[in-house]
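Residue-level structure breakdown
Chain by chain, the residues run as shown.
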Amino acid sequence: MNPAPAYVGDDGTLLDVAETIAADWAALGVDGSFLALNLDTGEQLGFDVTRSMPLASVVKVPVALVVLDRIAAGDLDPAHPVTVDPATGSVGPTGLAAFRHPATVAVGDLVQLMLSVSDNAAADALLDLVPVARIDASLRAWGCAGIRVRHRMNHMYECAAGAAGNDFSLALELAVRDARAGRHTIETLDPAHANAGSAAALVGLLRRVWCDGISAPRATAELRRMMGLQVFTHRLASELRADTLRWSGKTGTFLHLRHEIGVVEAACGTRVAMAALTRADRRAGQAPDIDLAIGVAGREAFEALRR
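A quick note: this is a predicted structure, and the numbers were derived from the prediction, not measured.

1. Some remarks on the packing of helix α2 (residues 60-72) against helix α9 (residues 217-227)
Two numbers describe how α2 lies on α9: the axes approach to 8 Å, and their chain directions differ by 135°. Judged by the inter-axis angle, α2 sits oblique to α9. Handedness of the α2/α9 crossing: right-handed. For the pair formed by α2 and α9, the contact residues are V61, A64, L65, L68, D69, I71 and A72 on the first element and R218, A219, T220, E222, L223 and M227 on the second. Its residues assigned to classes, the contact of α2 with α9 shows nine nonpolar, one polar and three charged.

2. Some remarks on the packing of helix α3 (residues 107-116) against α9
For the pair α3 and α9, interaxial distance at closest approach is 9 Å and the crossing angle is 45°. Classed by the angle they form, the pair α3 and α9 counts as oblique. Between α3 and α9 lies a crossing whose hand is right-handed. Taken together, the residues of α9 that come into contact with α3 (itself represented by G108, V111, Q112 and L115) are L223, R225 and M226.

3. Things to note about the pairing of strand β10 (residues 257-266)
A large share of β10 lies buried, amounting to nine of its ten residues. Across ten bridges, strand β9 (residues 245-254) lies against β10 in antiparallel orientation. From the neighbouring strand, G252 faces β10, where its bridge partner is H259. Between β9 and the antiparallel strand that follows it, β10, lie two residues; L255 among them carries a positive phi value of about 55°. Examined bridge by bridge, β10 and strand β11 (residues 271-280) share nine bridges and lie antiparallel to one another. Along β11, the bridge assignment pairs G262 with M274. In textbook terms, the turn of a hairpin is the stretch between consecutive antiparallel strands, and for β10 and β11 this stretch comprises four residues, one of which, G269, has a positive phi near 110°.

Conventions and cut-offs
Residues numbered from 1 in each chain as written. Predicted model: local features only at pLDDT ≥ 70, side-chain atom pairs only at ≥ 80, totals over all residues. Heavy atoms only, no water. Axes fitted to C-alpha atoms, helices over the stretch in contact; angles between N-to-C directions. Helix = DSSP H or I, 4+ residues; strand = E, 2+ residues; numbered from the N terminus. Parallel < 35°, antiparallel > 145°, perpendicular 65-115°, else oblique. Left-handed = near helix turned anticlockwise from the far one by under 90°. Contact = heavy atoms within 4.5 Å. Nonpolar A, V, L, I, M, F, W, Y, C, P; charged D, E, K, R; others polar. Buried < 20%, exposed > 50% of the residue type's maximum accessible area, 1.4 Å probe, protein only. Pairing = 2+ DSSP bridges.

Right under this line is the structure:
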C-alpha cells in the first residue's frame, strides 16, 4: 500500500484542489506526483512533489536546454548537418526514429524534432554531440540537483529488451509487477539509475526558463518557442484549450509511465508551470482515462491558481 500523499498548498482552497487531484488519480490506479506553480505570485499546489521518478521523454527538456546553451555560447553551430542512419539509430515511433533511410538534419532542427514530436533518434544524435555526462554536469552547475541525466534514450528500450526480449507486453507486465513489489527488473525504471527527477525540480527548471533565470536568454527563449510546438495535446493541455491560453509542454511515455511538464500562459498575464508524473497500476499500452485525469488536474490547478 502506498503511503498517504504529502500535500502542498498555500491555503485551504489550494490544498483541497491538491487532495481532489490525488484522490481522482488513486481511483484510477495511478501513483505519482503533481505540482502547479503560479510563476508570478509564487502560489502552488500539489502532492509528493519531491519524489524522484524516471522521466522518460520529459528528460528531453533539460537536454534541449543544455544543447541550446552550447549554441548560444557559440560552441555548437545550429546549422551543422548531422546524418542519422536508422540502421544504427534509436527506437521510437516518431520523427527520424521512424525513418527507413538515412537522413541529414541540422542540429537546430534536431532539437525541434526532439521536442515537437519527441523524436528519440534526434535526441540521441544530439547526445552524440553533447554527451550525457556534459548534460548532467551542466544541470548540477546550474543548481538543478533534483534532475539527473544518466543515459541515452535508446537505453530505455535496451533495458526493456534485456528483461523481456522483444515482447513489449511482457516488459509492461514486468514494470507493473515490479512497481507493486518495490523492485526494478528494468533498470531504467529505477530512479537511482534512470534519467530521473521530481515534480518540484522540473517546475523549478520551468520557472527559471520562463523567467530567464538559467543559461542565456537566447537559449531560454528558443526553448520556450520549441516547447510551444509540441504536437501531443492529450494530457495537461487537453483541458486548457482556448484562444486566450497558450500551452508549451513536453510529454514522456514509457511502459506504465505517463508524464507531462509545461507552462500555460493566459492572455491576462497569468503563467502557471506544471509537472504531472504518473505510474499506472495496469498493463495497458493505451489509457485515455489516465490522460484525461492528467488534463483535468491541469485545468483544476490552473483555475485555482489563476489570479
